[in-house]
Amino acid sequence: MRGAEFQAIYVMWLREMKRFVRSKSRIVATVAQPLFFLVVLGSGLRAAVMPGMDVSSDYLTYLAPGIVAMAILFSSMFTGISVLWDKQFGFLQEVLVAPISRLSIIIGRTLGGATLSLIQGFIILVIAIFLGVPIASASGLLFTIIFMVLLAFTAVGFGLVIASKMNDFQGFQIIMNLLLMPLLFLSSALFPIATNQGFPPIIRTLVILNPVFFMVDGLRGSLTGINYSFPPLVDFLVVLVICVAMMGLGSYFFSKSET
Amino acid sequence: MDIITTDNLTKKFNDLVAVDRVSFSVKKGEIFGFLGPNGAGKTTTIKMLTTLLYPTDGSATISGFDIVKERDEVRQNIGIVFQEPALDTQLTGRENLDFHARMYGMSRDKRKNRVDDVLHLVDLEDKEDVLVKNYSGGMKRRLEIARGLMHYPTILFLDEPTLGLDAQTRRAIWEYIKKMNKDESTTIFLTTHYMDEADYLCDRIGIIDHGKILVIDSTANLKNSIGNDVITLSCPDLNKLSRALEKEEWIKNIKIHDSFLTLGVEKGEEKIPILFEIANTLGAKIKSISLRKPTLDDVFLHFTGRLIRDQEQDNTMKERPRALGGGR
């Protein structure tokens, strides 16, 4: 790859950062929503014991990894919106006539989106730790960060797929909410499903088929070390496969939609 | 030397032939204009030449590079100002230019100097650190022109450069275009549906309508082909009068339109009395008559049989699909 391609990737990333920093409402919106869940739900129900939860755990500890995942997932919306924005306002053409390969354009955009997702994820993580969520171990924290990175790239890939297929903002938002909400509620992020014998088997099977479940489970296993269903390594492998597949799909649809 | 050549360039969108076997060439250093109503195929041609669309058929080269096989070389050689603004409004003017420079692989020093140069060229130095969303329409256009020049392109494409701008700003943009053609010896390919713009800016013009090129020539030659003077007259017995006038040898060309007649003649002021005499002997009454120097309007009218304004109403009926991003 030529040096010019790296420079192009860098400047596309830089542009995403500048846009993010300048868009105050976006920063507030992306942090406020998960924070609201974490503080209000987590603190309010802290003493609650839910069926399927580990007895030694409180609800905040249960919820925190789920909300970190949620923050990262929801920021993929913004990647999608920025793709749509460029399409709508013609800036995409400026990028497409530059002597830069399509791959570099996709890489630059993905890195930008993933960085922003991670920033939001880390903000929530720090707040959670500050609120008293215990960390299992140093290696667990390292694993948490790896999961967050994988999650960020998966989410951006997802955003690219949907944005490439859509042409207007309203439609995009409706579709994203329609997909993200069930994925989140059926992921054990907010309350235990997979380990709760009270749920009908069909729902528990659905949960196992939900990619977000493995992301949340992996985060939980590595960060707090309790309440998880599978060993983090298993989650890691599943999430890795999902991430690669989603990135592939995302770049495929993105390049298709643009040339 | 020809810097753009096209050979039977064709683009079809499903059944609609947007550009129909277009062949032309543009010489190095000239300002070449595509003149035609909205929907004539101007933007589609530009999109093909700038590698944003694949041609359905035919071929074209830019600075000797094939637009299909050598896309990267073509892209390196061209600058474009799109019809709709394509700036990032969340960035400042300077940042937009810097983004562009990096996308074209320019080094740090070169980047800095060049940004200063082009900002100076379009008089935006004092606004370089203002977010583009606070720019006026004219300032955005100027910034885009500056951006198009950033990477020293050999050819700059301008798609309707003054669309939607007020008269004063248009003048200013025209001056910038002339200036960069002269100072940077950039070849310029522009499209427009404004006659005065084509007339003022272009060395040579191609008139395009319904995807076909009707004529290509220098502005002076095009006007001369009409006659040195144009007489427009209206009269209740148009047909009778025109039949009589067709026999007169001093009339270079004659065309009947809906309610009026245009004549291309030499020394028009001496011909008006003669026209009245002829009308008198026929018993026809001339309702009104006017004499003027030919404009590109006349040229367009001559080659298409219609005014560019009528044409536009026609074409808006069948909206063409947009190449990128548009609703599908």
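Computed from a predicted structure; not experimentally measured.

Cut-off values and rules
Residues numbered from 1 in each chain as written. Chains lettered and ligands numbered in written order. Predicted model: local features only at pLDDT ≥ 70, side-chain atom pairs only at ≥ 80, totals over all residues. Helix = DSSP H or I, 4+ residues; strand = E, 2+ residues; numbered from the N terminus. Rg over C-alpha atoms; globule rule 2.2 N^0.38 Å. Buried ≥ 20, exposed ≤ 12 C-beta atoms within 10 Å, placed from the backbone. Contact = placed C-beta atoms within 7 Å. Nonpolar A, V, L, I, M, F, W, Y, C, P; charged D, E, K, R; others polar. Core = buried A, V, L, I, M, F, W, Y, C linked by C-beta atoms within 7 Å. Pairing = 2+ DSSP bridges. Axes fitted to C-alpha atoms, helices over the stretch in contact; angles between N-to-C directions. Domains from an automatic or database assignment. Parallel < 35°, antiparallel > 145°, perpendicular 65-115°, else oblique. pLDDT = per-residue confidence, 0-100.

Turning next to the overall build of chain A. A tally of regular secondary structure across chain A gives 10 helices and zero strands. Shown N-terminal to C-terminal, the secondary structure of chain A runs as helices and strands in the order α-α-α-α-α-α-α-α-α-α. For chain A, whose C-alpha radius of gyration is 19 Å, the value lies close to the compact-globule estimate of 18 Å for 259 residues. Over its C-alpha atoms, taken along the principal directions, chain A stretches across nearly 60 × 35 × 35 Å. Buried positions account for 48% of the 259 residues belonging to chain A.

Here we come to the overall build of chain B. Within chain B, the regular secondary structure consists of 12 helices and 14 strands. Each of the three principal axes of chain B carries a C-alpha extent, and together these read 80 × 45 × 40 Å. Counting contacts in chain B only where the partners sit at least 6 residues apart, residues at least 24 apart contribute 70% of the total.

Accessible area lost upon the coming together of the parts serves often as the stated size of an interface. Between chain A and chain B, the residue contacts involve 21 residues of the former and 24 residues of the latter. Of all elements in the fold, only α1 (3–22), α3 (59–88) and α4 (91–96) of chain A reach the threshold of two or more residues within the side of chain A that touches chain B. The dominant element in the side of chain A that touches chain B, judged by the number of residues it contributes, is α1 of chain A, at eight residues. Here the residues of the side of chain A that touches chain B sort into 10 nonpolar, five polar and six charged.

Let us look at the nonpolar core. Core analysis: the biggest nonpolar cluster contains 152 residues, and Val68 and Ala69 of chain A together with Phe157 of chain B have the highest contact counts within it. By residue number, the principal contributor to this core is α3 of chain A, which donates 17 residues. If sequence neighbours within four positions are ignored, Val68 of chain A has contacts with Gly121, Ile124, Leu125, Ala128, Met148 and Leu219 of chain A.

Residues and elements named next belong to chain B. Pairing in this open sheet of six strands is mixed, and the strands run β6-β7-β8-β3-β9-β10 from one edge to the other. The sheet is open, and its two edges are formed by β6 (78–81) and β10 (212–218), each paired on a single side. Averaged over neighbouring strand pairs, the angle between their axes works out to 15° when direction is ignored. Direction of pairing for strand β9 (residues 204–209) relative to β10: antiparallel, over a ladder of six bridges. Across the sheet, the residue bridging to Asp209 is Lys212, located in β10. Across the face of the sheet, helix α5 (residues 137–149) comes into contact with β6 and β7 (155–159) while running at roughly 170° to β6. Along the sheet, helix α8 (residues 219–226) contacts β9 and β10; its crossing angle with β10, the most-contacted strand, is approximately 105°.

Another point: the sheet that holds strand β14 (residues 288–292) of chain B. Residue and element names in this part refer to chain B. Sheet architecture is open: four strands sit in the order β12-β13-β11-β14, paired in antiparallel fashion. Strands at the two margins of the open sheet, each flanked by one partner only, are β12 (251–256) and β14. Across the sheet, the mean angle from the axis of one strand to that of its neighbour is 15°, orientation sign disregarded. The sheet strands contacting helix α9 (residues 238–245) are β12 and β13 (261–265), and the helix crosses β12 at an angle near 160°.

It is worth spelling out the domain arrangement of chain B at this point. Each assigned domain of chain B is listed with its residue range as follows: domain 1 (2–219) and domain 2 (228–293). Taking only C-alpha atoms into account, the centre of domain 1 of chain B sits 41 Å from that of domain 2 of chain B.

Because each turn of an α-helix spans 3.6 residues, side chains separated by three or four positions end up pointing in the same direction. Of all the 11 residues making up helix α3 (residues 93–103) of chain B, 10 are buried; the element is thus mostly covered by neighbouring parts of the structure. Elements in contact with the buried residues of α3 of chain B: α1 of chain A together with α4 (108–121) and α5 of chain B. Following α3 of chain B by one or two positions, Gly105 of chain B adopts a phi angle in the positive range, close to 70°.

All names here are of chain B. The geometry of α5 relative to helix α6 (residues 167–183) is characterised by a closest axis approach of 10 Å and an angle of 10° between their N-to-C directions. Comparing their axes, α6 and α5 come out roughly parallel. Where α5 approaches α6, its residues Gly138, Arg141, Arg142, Ile145 and Leu149 are matched on the opposing element by Thr169, Ala172, Ile173, Tyr176 and Met180. Here the residues of the contact of α5 with α6 are counted per class, giving six nonpolar, two polar and two charged.

Residues and elements named next belong to chain B. On the secondary structure map, Glu30 appears in the loop between β2 (16–27) and β3 (31–35). Residue class for Glu30 comes out partly exposed when judged on the 16 C-beta atoms lying within 10 Å of it. Residues Glu30 and Lys140, spaced 110 residues apart in sequence, show a C-alpha to C-alpha distance of 25 Å. Discounting chain neighbours no more than four positions away, the residues touching Glu30 are Thr187, Asp203 and Arg204.

What follows deals with the pairing of β13 of chain B. Residue and element names in this part refer to chain B. With respect to burial, β13 is a largely interior element, four of its five residues being buried. Sheet topology note: the strand β11 (residues 229–234)/β13 ladder contains five bridges and is antiparallel. Paired with Asp229 across the bridge in β13 is Val265. Direction of pairing for β12 relative to β13: antiparallel, over a ladder of five bridges. From the neighbouring strand, Ile256 faces β13, where its bridge partner is Leu261. Hairpin geometry of β12 and β13 is characterised by an intervening segment of four residues between the two adjacent antiparallel strands.

Let us look at unusual backbone geometry. Positive phi is not limited to glycine here, since Thr51 of chain B has a value of about 70°. Assessed through the 21 C-beta atoms surrounding it within 10 Å, Thr51 of chain B is described here as buried.

With that settled, consider the pairing of strand β4 (residues 57–62) of chain B. All names here are of chain B. Relative to β4, strand β1 (residues 2–13) runs antiparallel, the two sharing five bridges. Bridge pairing links Ile4 to Ile62 in β4. Of the pairings in the sheet, the one linking β4 to strand β5 (residues 65–66) comprises two bridges and is antiparallel in character. The residue of β5 that forms the bridge with Ile62 is Phe65. Here β4 folds back onto β5 in antiparallel fashion, the turn holding two residues, of which Ser63 has a positive phi close to 50°.

Turning to the confidence of the model for chain B, a few remarks are in order. All names here are of chain B. Across chain B, pLDDT averages 85, with 93% of residues at or above 70. Between the elements of chain B, mean pLDDT differs from a low of 53, seen in helix α12 (residues 308–316), to a high of 94, seen in β5. Long-range and interchain partners of residues 317–328, a stretch whose pLDDT sits below 50, account for 17 contacts in this model, where long-range means more than four residues apart. The complex model carries a pTM of 0.81, and its ipTM stands at 0.83.

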